[in-house]
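Coordinate analysis (summary)
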Amino acid sequence: MTHVENELASQPECWIRAAELASTHGDALPAAGERVAIVGCGTSYFMAQSAAVLREGSGQGETDAFAASEFPHTRAYDRVVALTRSGTTTEVLELLGRLRGRTRTTAVTADPRTPVMDSADDVVVLDFADERSVVQTRFATSALTLLRAHLGRHTDAAVADARTALETPLPEGLVDCGQFTFLGRGWTVGLANEAGLKMREASLAWTEAYPAMEYRHGPISITTRGTATWMLGEAPEGLAEQVQATGGQWVAGGLDPLAELVRAQRLAVAVAAARGLDPDRPRHLTRSVVLDAPVR
């Protein structure tokens, strides 16, 4: 098995541990009523998108998500939460440095031996979810589980669904599709974005991601025989029938949306194998983006 296969298979146990940490690191995580921004790069940015919608939708306070390089320094926040598996990403470290002394910051990381430990005011370490792979799986979902549990939005059912996602065969014919579209609503839009990224990283697949209601506004035009449209979460009424009418394959997201992301991770690995690719060695990618000069 590849590193990424081993790591994605360990997610149910990682989620259990991440949820337990949420109850012991409450002071490091956003308090109700705080105005919060959640930032990250790549996969961590998409997890930030999901976490922000979950938090604001739970009535905990206004919450935004940004790529770390695009943080709006003209806005005022009570706390900025940075998701960074490696703890070394240039954009994240530079942002935390600029915020020091004027905005409280929290970093969620996998490696306690990296510069982020001294860059943030508070740190939550998910070292049990660290990865050898370039392609993120378990750290990303464990970080989101931590934040989800902190909001009271994580349940044992999500873990059970993750186990189902790992044990159940992928839909027949899905691996052979030539194009994949992932759809989400609300907090699952970020998950759809991440599912698309996993496919591109691991299998060089043609993938796109959209809010589900936006799919009818143009993107559905590419749907035909040999394409797949995968819904993470509850689908808008009538959308499945519209996709099926095009001849495209519809994949309904019947599991907890985070568990559906696990299924999409498995698909990325399966498509990579079918195409003779090694998902542990994605093209042009490294585990962390560390720039030689500061980002401006």
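Here the structure is a predicted model, which means the values were calculated and not measured. (Residues numbered from 1 in each chain as written. Predicted model: local features only at pLDDT ≥ 70, side-chain atom pairs only at ≥ 80, totals over all residues. Heavy atoms only, no water.)

The next subject is the pattern of salt bridges. Side chains that differ in charge, positive against negative, can pair when their charged atoms come close. The full count for this structure, using the stated rule, is 13 salt bridges. Two residues, Glu131 and Arg85, come together in a salt bridge whose shortest N-O distance is 2.5 Å. Of this pair, Glu131 sits in the loop between strand E5 (122-125) and helix H6 (138-150) while Arg85 is found in the loop between strand E3 (79-84) and helix H4 (90-99), placing the two residues 46 residues apart along the sequence. Among the ionic contacts, a cluster of salt bridges with common partners joins Glu34, Arg79, Arg104 and Asp122. (Salt bridge = Lys/Arg side-chain N within 4 Å of Asp/Glu carboxyl O. Helix = DSSP H or I, 4+ residues; strand = E, 2+ residues; numbered from the N terminus.)

The buried fraction of strand E2 (residues 63-67) is high, at four of five residues. Of the pairings in the sheet, the one linking strand E1 (residues 36-40) to E2 comprises five bridges and is parallel in character. For Ile38, the partnering residue across the bridge sits in E2 and is Ala65. In terms of handedness, the path from E1 via helix H3 (residues 43-57) over to E2 forms a crossover that is right-handed. (Buried < 20%, exposed > 50% of the residue type's maximum accessible area, 1.4 Å probe, protein only. Pairing = 2+ DSSP bridges. Right-handed = clockwise from strand over helix to strand, strands pointing away.)

What follows covers helix H9 (residues 239-246). For H9, the full list of buried residues reads Leu239, Ala240 and Val243. One side of H9 holds all its buried residues, which, seen down the axis, span an arc of 100 degrees. Those residues of H9 that are exposed and aimed more than 90 degrees away from the buried face are Glu241 and Ala245. Elements in contact with the buried residues of H9: strand E6 (179-184), strand E8 (227-232) and strand E9 (249-251). Gly247 lies just past H9 and shows a positive phi near 95 degrees. (Arc of directions from axis to C-beta. Contact = heavy atoms within 4.5 Å.)

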